[in-house]
Amino acid sequence: MTVTLEVSEGVGTLRLDRPPMNALDVATQDRIKELAGEATRREDVRAVVVYGGEKVFAAGADIKEMQNMDHAAMVLRARDLQDSFTAVARIPKPVVAAVTGYALGGGCELALCADYRIAADNAKLGQPEILLGLIPGAGGTQRLPRLVGPSRAKDLIFTGRMVKADEALAIGLVDRVVPAADVYTEAHAWAAKLAQGPAIALRAAKEAIDTGVETDLETGLAVERNWFAGLFATEDRERGMRSFVEEGPGKAKFL
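Treat the numbers as computed from the prediction; the structure is a model and nothing was measured.

(A) Representation of the packing of helix α9 (residues 199-212) against helix α10 (residues 217-230) within the structure. Two elements in contact, α9 and α10, have axes whose closest approach is 9 Å; the angle formed by their N-to-C orientations is 170°. Here α9 is positioned roughly antiparallel relative to α10, judged by the angle of their axes. Where α9 abuts α10, its residues Ile 200, Ala 204, Glu 207, Ala 208, Thr 211 and Gly 212 lie against Gly 220, Val 223, Glu 224 and Trp 227. Of the residues belonging to the contact of α9 with α10, the class tally is five nonpolar, three polar and two charged.

So, in structure tokens, the structure goes:
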């Protein structure tokens, strides 16, 4: 299998495994969508790490495969390509990308689908599609400017240049930089901590934030308001408030 899902401590690791560079061919894209759906449905998965292994996250699409596709073929495939990545973005649980080595093209776009990105100090990220006479097609023109701003996104997409980990951190493309040997451990620890949190409230927070940045303030406030009130019907809310009153803040244990 080119992608696997392994579960430990409430954390599902969605691992790319297509040596040597984790090129994202059609079969891998479809497998990502399938396992993102599985991670969404499984109750024992409460947070997710997206990981490409110790050497590389994903160096982009399978160019040899794409070279043989004409306009008609890509018209049929483009939606499926986007849908496979959107399935990761829509996992209603905390998702962290553990980025080692190259995250280019589709690899960078996959990292953009996570809620949080931890990168190795030797990581290199970018959207080099322009060098092929193309533009990003798996969400890069939309998710990248929402993350780093339009001007910085245009710089990366227009030039196709790669950024090293330190620059990626400075522009907000990644959230933490750690030694390469520690990337997966740090990402798993981030996810494991959240896996112990209130699952419905975390889902609500993610949906409220993601919806809010895509719409106007009034609509976003309405989404927040509805979720906020709805959480008062959950056992987690009762447990959290009871613990706060009886034991003080930060000591609640959620199921």
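(B) Representation of the pattern of salt bridges. Taken as a whole, this structure holds 13 salt bridges when the rule is applied. A salt bridge links Arg 31 to Glu 34, with the shortest nitrogen-to-oxygen separation between them at 3.1 Å. Residue Arg 31 and its partner Glu 34 are located together in helix α1 (residues 26-41), separated by three residues, close to a single helical turn. Relative accessible area serves as the criterion here: at 17%, Arg 31 is assigned to the buried category. Using a relative accessible area of 45% as the deciding quantity, one classes Glu 34 as partly exposed.

(C) Layout of the packing of helix α5 (residues 140-148) against helix α6 (residues 150-159). Packing of α5 against α6 leaves a shortest axis separation of 7 Å and a crossing angle of 135°. With respect to α6, the axis of α5 lies oblique. Crossing hand, α5 versus α6: right-handed. Facing α5, whose interface residues are Gly 140, Thr 141, Leu 144, Pro 145 and Val 148, α6 presents Pro 150, Arg 152, Ala 153, Leu 156 and Ile 157. Classifying every residue of the contact of α5 with α6 gives seven nonpolar, two polar and one charged.

(D) Structural context of the sheet that holds strand β6 (residues 116-120). Here we have six strands laid out as an open sheet, ordered β1-β2-β3-β4-β6-β9, and mixed in their pairing. Two strands close off the open sheet at either side, each with one partner strand: β1 (3-8) and β9 (176-178). Going across the sheet, the axis of each strand differs from the next one's by a mean of 20°, ignoring polarity. Pairing of strand β3 (residues 47-51) with strand β4 (residues 95-99) involves four bridges; the strand directions are parallel. Directly across from Val 49, in β4, lies its bridge partner Val 96. In the packing of α1 onto the sheet, contacts are made with β1, β2 (11-16) and β3, and the angle to β1 comes to roughly 25°. In this fold helix α8 (residues 183-195) packs onto β1, β2, β3, β4, β6 and β9, with an angle of close to 175° to the strand it touches most, β4.

About the criteria used
- Residues numbered from 1 in each chain as written.
- Predicted model: local features only at pLDDT ≥ 70, side-chain atom pairs only at ≥ 80, totals over all residues.
- Heavy atoms only, no water.
- Axes fitted to C-alpha atoms, helices over the stretch in contact; angles between N-to-C directions.
- Helix = DSSP H or I, 4+ residues; strand = E, 2+ residues; numbered from the N terminus.
- Parallel < 35°, antiparallel > 145°, perpendicular 65-115°, else oblique.
- Contact = heavy atoms within 4.5 Å.
- Nonpolar A, V, L, I, M, F, W, Y, C, P; charged D, E, K, R; others polar.
- Salt bridge = Lys/Arg side-chain N within 4 Å of Asp/Glu carboxyl O.
- Buried < 20%, exposed > 50% of the residue type's maximum accessible area, 1.4 Å probe, protein only.
- Left-handed = near helix turned anticlockwise from the far one by under 90°.
- Pairing = 2+ DSSP bridges.

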